[in-house]
Amino acid sequence: MKRNILLIEDNEQNRYLATFLLEQHGYKVFSAPDGLSGINMAKAFVPDLILLDIQLPTMDGYAVAQALRDIESLRKTPIIAVTSHAMLGDREKTLAAGCDGYIEKPIDPETFVQEIESMAFPSSTNKEIS
Ligand code: MN
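These numbers were taken from a predicted model, which means no experiment stands behind them.

Undergrad: I'd like a description of the environment of Ser 73, backed by residues and values.
TA: By the element assignment, Ser 73 lies in the loop between α3 (61-69) and β4 (79-83). Sequence separation between Ser 73 and Arg 91 is 18 residues; the distance between their C-alpha atoms is 25 Å.

Below is the structure:
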């Protein structure tokens, strides 16, 4: 069965690239351009994974992560932060906000999906262990 991924990202090019790469790997991708619509979609669809941009208009990714973690049906849904913040301490901030992992932009098409899978679905990436 196809896994559903919710992508919360305000940048259209990043949304396009991430969606393209994930769909190539068999995922079904829903996307939202801002935190509030992302939270509403997450409630409605209960995705298998949420990819969350940190730099978002109105409500930043930290606030979105905290709000998602307060929703009972989403407590166990992996949230991976995708951000161009490459500053020291950001990883800790995303984890403190409730994210399970952190991936840096720019998106590397060669490694993006594999990195996400190893953080979000570690048991299904056994093939990567040699
Ligand atoms: Mn952004």
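Undergrad: I'd like to hear about the pattern of salt bridges, residue by residue, with values.
TA: Applying the stated rule across the entire model yields 4 salt bridges. Two residues, Arg 69 and Asp 100, come together in a salt bridge whose shortest N-O distance is 2.9 Å. With Arg 69 in helix α3 and Asp 100 in the loop between α4 (90-96) and β5 (101-104), the pair connects residues that are 31 residues apart, well separated along the chain. Judged by relative accessible area, Arg 69 falls into the buried class, the value being 17%. Between Arg 75 and Glu 72 there is a salt bridge, and its shortest N-O distance comes to 2.8 Å. Overall, Arg 75 belongs to the partly exposed group, its relative accessible area being 41%. Salt bridges sharing partners connect three or more residues here, namely Glu 9, Asp 53 and Lys 105.

Undergrad: I'd like to hear about the coordination of the manganese ion, residue by residue, with values.
TA: Coordination of the manganese ion by the protein involves Asp 10 (OD), Asp 53 (OD) and Gln 55 (O), with metal-donor separations of 2.0 to 2.2 Å. All donors to the manganese ion come from one chain, and their sequence spacing reads D-x42-D-x1-Q. Note that Asp 10 is positioned in the loop between β1 (4-8) and α1 (12-24) and Asp 53 in strand β3 (residues 49-53), a separation of 43 residues in sequence. Since its relative accessible area comes to 35%, Asp 10 is described here as partly exposed. On the accessibility criterion, Asp 53 (2% relative accessible area) is buried.

Undergrad: So what's going on with the side chain of Thr 83? Residues and values would help.
TA: With respect to the helices and strands, Thr 83 occurs in strand β4. Discounting chain neighbours no more than four positions away, the residues touching Thr 83 are Ile 54, Tyr 102, Ile 103, Glu 104 and Lys 105.

Undergrad: Outline the environment of Arg 91, listing residues and values.
TA: On the secondary structure map, Arg 91 appears in helix α4. Assessed through its relative accessible area of 41%, Arg 91 is described here as partly exposed. Put simply, Arg 91 and Tyr 27 are 64 residues apart on the chain and 26 Å apart in space, counted from C-alpha to C-alpha.

Undergrad: Would you mind going over the sheet that holds β3 in detail, with residue names and values included?
TA: Here we have 5 strands laid out as an open sheet, ordered β2-β1-β3-β4-β5, and parallel in their pairing. Taken across any chain shown, the strands that pair with only one partner, and hence form the sheet edges, are β2 (28-32) and β5. Neighbour-to-neighbour, the strand axes of this sheet turn through a mean angle of 20°, independent of strand direction. Set on the sheet, helix α2 (residues 35-45) makes contact with β1, β2 and β3; between it and β2 the angle comes to about 140°. Running at roughly 170° to β5, helix α5 (residues 112-120) makes contact with β3, β4 and β5 of the sheet.

Undergrad: Talk me through the environment of Ala 96; I want residue IDs and the actual numbers.
TA: Relative to the assigned elements, Ala 96 resides in helix α4. Of the residues examined, Ala 96 reaches a relative accessible area of 67% and is grouped as exposed. The sequence separation of Ala 96 and Gln 66 amounts to 30 residues, and the corresponding C-alpha distance is 8.8 Å.

The rules behind these values
Residue numbering note: each chain is counted from 1, following its sequence as written. Predicted model: local features are reported for residues with pLDDT of at least 70 only, side-chain atom pairs are reported and counted for 80 or more only, and whole-chain, interface and lining totals are derived from all residues. Water and hydrogen atoms play no part in the side-chain values, which are based on all heavy atoms of the structure. Helix and strand assignments come from DSSP, with helices taken as H or I runs of at least 4 residues and strands as E runs of at least 2, each series counted from the N terminus. One speaks of a salt bridge when a side-chain nitrogen belonging to Lys or Arg is within 4 Å of a carboxyl oxygen belonging to Asp or Glu. Between buried and exposed lies partly exposed: a residue is buried under 20% and exposed over 50% of the maximum accessible area for its type, with that area taken using a 1.4 Å probe on protein chains only. Metal donors: N, O and S atoms at distances within 2.8 Å, or within 3.2 Å for Na, K and Ca, with water omitted from the atom set so that some sites may seem incomplete. Contact between two residues is taken to exist if any of their heavy atoms lie within 4.5 Å; hydrogens are not considered. Two strands qualify as a pair provided that DSSP identifies no fewer than 2 bridges between them. With axes taken as lines fitted to C-alpha atoms, and helix axes fitted only over the stretch in contact, angles between N-to-C directions fall between 0 and 180 degrees.

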